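Chains, contacts and geometry: an overview
In case you want the letters, here they are:
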Amino acid sequence: MYPIGLHPVLDTVQVNLTIWTLLYLIGILAFLVHFLSLWPTGDDEAVALPGRLPFTIAPFFRTRFDFINSGFHATNERIFRFRLLTNSVMVVSGEQGRKDFFNARHLDLQEGFRVLSGALPFVQGVTADLRQRRIAQIYKRLATVQRNDRLTELMPDILEDCRRVMSSWGNTGAIDPFEGIYGLVFQLSVRCLTCAEIADDPAVVDRLKGLYDQVDRGTTAATVLFPWFPSPAMLMKLRATKQIYDLVVEKVNVRKATGESHNDSLQMLLDAGDDQSMIVGFIMGLLIAGARSTGTTASWLITFLGCHPEWRVKALREVQQLLASSYAHDDSDAPANIPARLAGIPLTAWETATPVLDSLLRETLRMAQPHVAMRRNVGPTMHIDGKVLHKGAFAVYPFADVHLDPALYPDPFKFDPERPVRKEDFGYVGWGGGAYSRFLPVAIWREFCLVRADRPGFHAGRVNCLGTRLAKLQLKLITAMFLFNFDFQIVDAGGAPADPHPKPNWNDVLSCRPANGSFFLDYRRLETSCLS
Ligand code: HEM
């Protein structure tokens, strides 16, 4: 018997998919299109988007940025609502709207993403339908991965992975950053969040990455809205999810059977006594959540640096200063090679003494993070900027509303890390809209979340990224390795320096990626490079 029930699902759909099933489904769809276009009315109801259902569904998934903007234009309101089949979705913008959205106590992230996004591989009881206590436990383990001692131990491994992957690129070449740099970040995420058996085997890492890509391709409007319908995309997604599950379970079982001990996340989970589904849920869910966001940010960060030589110089100078302050001038014990020297810079220095890298990261996230926060109201009826959000309804907040607002960030598509930092509440939400950590030490804030874990809907309320420390460290180490090893620039499809510079495409909800092949990262190894 297969533990997560995928085999039975695949068998059943192959036998039962008949023309009658299809006609039946078309009938249901026609019913929904006709009747669900009728909205409740009331003074405090948000304006409904004009138009019939199918015309809102496809654009929400395919061209979300344009769809949301056209909704604001069509309604001429700060808040509007539309339907995704039976679900009512409110789209929020404006200062009051984002305050109400991020401060609301009963808006639940998990439910919002599960129903509206479907971008994570869902396995019943492993990455979906997790009890709140289980989610809290996963987050607690993620906090362990990011403790000072663990992050310090990870630094040499991260840098060695960078060295190995960058060496494989050869002396000169041109790569698509969304392939090459994303591939590097995937390797680092595997290193930090899974186990040595996977991270040390490039072929397995490649296979895993390919399977997650298939899950992405299988995430379409149809598979999100009709997860029970056996479309080809859904079958592909199911198969890929099952293969990821099998691969992870196999590695966990091998570790258990051999009794070998490694200094990695799997060992940390086993030593903590976590059960199989907790371990697999941690690995399957966090691996891709971390790799996608960090991969997008790394790809854009290096792209922006490739367009702006003055920032390359400033960033390199900063890392050189870090090195100079970490090793005495005549330190004969200082390691000779670059990765080992970078690994010797204390974690606190990477975290607190890199204002240039910090401003580069901040500006990259502002310009190229196409996130739309998704929530479901799991509490009583509430209001956002005066508009009613009923119990069970959804609300979404596009980060573009604040990060591309010319009133807050003039000329928003200009890469300018020297922009003044916005001080107002939610004037910048690159790492989420949670603000507890500003007032409380992060540890206390986390405890607060964990204590609430027993109660239904604990996951509602302000949300901060819980992988920030790990992500920032990875991004800074990748950038340092790039600057020490390559001379690089961004070129167009013909190989000429890109003019204009690539512009983030906010309609691509995963990575803000412009059309394939429109630009490349052209690189040449420096003579001082440590790559082999
Ligand atoms: C550059 C990289 C990253 C960026 C920009 C980023 C950004 C964010 C943002 C904006 C949110 C809030 C989403 C919302 O309000 O809808 C979030 C949540 C979250 N992130 Fe990240 N993230 C990154 C990397 C990571 C990594 C590496 C991990 C873990 C390995 C991670 C784990 C999480 C988790 C677990 C949450 C949900 C927190 C909660 O439910 O309270 N993130 N992230």
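Please refer to the structure placed before this passage.
None of these values were measured; they are calculated from a predicted model.

1. Regarding the overall build of the protein chain
Within the protein chain, the secondary structure is distributed over 23 helices and eleven strands. In the protein chain, buried positions account for 53% of the 532 residues. Once local pairs closer than 6 in sequence are excluded, the contacts in the protein chain between residues at least 24 apart make up 78%. For the protein chain, the accessible area works out to roughly 23,700 Å², and carbon and sulfur atoms hold 56% of it.

2. Quick look at the environment of histidine 403
By the element assignment, histidine 403 lies in helix H20 (residues 400–403). Residue histidine 403 is classed as buried on the basis of its relative accessible area, which comes to 0%. Sequence separation of histidine 403 and glutamine 369 is 34 residues, and the distance between their C-alpha atoms is 9.0 Å. If we skip the residues at most four places from it in the chain, histidine 403 touches Leu365, Arg366, Tyr409, Pro412, Tyr428, Val429 and Gly430. Engagement of the side chain of histidine 403 in a polar contact is seen with the backbone nitrogen of valine 429, the distance being 2.9 Å.

3. Looking at the pattern of salt bridges
Under the defined criterion, the tally for this structure stands at 29 salt bridges. A salt bridge links arginine 98 to aspartate 401; the nearest nitrogen and oxygen atoms lie 2.9 Å apart. With arginine 98 in helix H5 (residues 95–103) and aspartate 401 in helix H20, this pair connects stretches of sequence that are 303 residues apart. One salt bridge in this structure joins arginine 513 and aspartate 176, with 2.7 Å as the shortest N-O distance.

4. A closer look at the sheet that holds strand S11 (residues 519–525)
As summarised here, the arrangement of the three strands in space is S5-S11-S10, forming an open sheet in which the pairing is antiparallel. Strands at the two margins of the open sheet, each flanked by one partner only, are strand S5 (172–175) and strand S10 (486–492). Strand-to-strand twist of the sheet, defined as the mean angle between neighbouring strand axes without regard to direction, takes the value 20 degrees. Strand direction decides the pairing type here: S5 and S11, joined by four bridges, are antiparallel. Counted as the bridge partner of alanine 174 is aspartate 522 from S11. Relative to the sheet, helix H23 (residues 468–485) contacts S10 and S11, its axis offset from that of S10 by approximately 100 degrees.

5. Brief notes about the pairing of strand S6 (residues 372–377)
Extensive coverage of S6 is indicated by the burial of five of its six residues. Across two bridges, strand S4 (residues 107–108) lies against S6 in antiparallel orientation. Bridge pairing links leucine 107 to asparagine 377 in S6. Sheet analysis places S6 next to strand S9 (residues 394–398), joined by five bridges and oriented antiparallel. Paired with arginine 375 across the bridge in S9 is alanine 395.

6. Notes on the sheet that holds strand S1 (residues 47–48)
Reading across from one edge, S1-S2-S3-S9-S6-S4 is the order of the six strands in this open sheet, with mixed pairing throughout. Looking at strand neighbours, the two that pair on one side only are S1 and S4, the edges of this open sheet. Of the strand pairs in this sheet, strand S3 (residues 87–91) and S9 are connected by three bridges, and their pairing is parallel. Bridged to valine 89 within S9 is phenylalanine 394. In the packing of H5 onto the sheet, contacts are made with S4, S6 and S9, and the angle to S9 comes to roughly 125 degrees. Against the sheet, helix H6 (residues 109–116) contacts strand S2 (80–84), S3, S4, S6 and S9, and its axis sits at roughly 110 degrees relative to S6.

7. Here's the deal with the side chain of aspartate 161
Among the secondary structure elements, aspartate 161 is positioned in helix H8 (residues 148–167). Overall, the relative accessible area of 3% leaves aspartate 161 in the buried class. Engagement of the side chain of aspartate 161 in a polar contact is seen with the side chain of glutamine 187, the distance being 3.2 Å. Within the structure, aspartate 161 has its side chain in polar contact with the side chain of arginine 191 (distance 2.7 Å).

8. Re the nonpolar core
If you look at the biggest cluster of nonpolar residues, it comprises 104 residues, and the most contacted ones within it are Phe186, Phe282, Leu342, Trp350 and Phe482. Sequence-distant contacts of leucine 342, that is, excluding residues within four places in its chain, are made with Met155, Leu159, Val319, Leu323, Trp350, Ala480, Met481 and Phe484. Counting 23 residues, the second largest nonpolar core, distinct from the first, contains Leu107, Met382, Ala393 and Phe426.

9. What about the environment of lysine 387?
You can see lysine 387 is positioned in strand S8 (residues 387–389). A C-alpha to C-alpha distance of 9.2 Å links lysine 387 and methionine 90, two positions 297 residues apart in sequence. Apart from residues no more than four positions distant in its own chain, lysine 387 is found in contact with Asp43, Asp44, Glu45, Ala46, Ile79, Met90 and Met382.

Quick notes on the rules
Residues numbered from 1 in each chain as written. Predicted model: local features only at pLDDT ≥ 70, side-chain atom pairs only at ≥ 80, totals over all residues. Heavy atoms only, no water. Helix = DSSP H or I, 4+ residues; strand = E, 2+ residues; numbered from the N terminus. Buried < 20%, exposed > 50% of the residue type's maximum accessible area, 1.4 Å probe, protein only. Contact = heavy atoms within 4.5 Å. Areas by Shrake-Rupley, 256 points an atom, 1.4 Å probe, with all protein chains shown as cover. Polar contact = N/O pair within 3.5 Å; in protein donor to acceptor, adjacent residues only side chain to side chain. Salt bridge = Lys/Arg side-chain N within 4 Å of Asp/Glu carboxyl O. Pairing = 2+ DSSP bridges. Axes fitted to C-alpha atoms, helices over the stretch in contact; angles between N-to-C directions. Core = buried A, V, L, I, M, F, W, Y, C linked by side-chain atoms within 4.5 Å.

These figures come from the coordinates and say nothing about function on their own.
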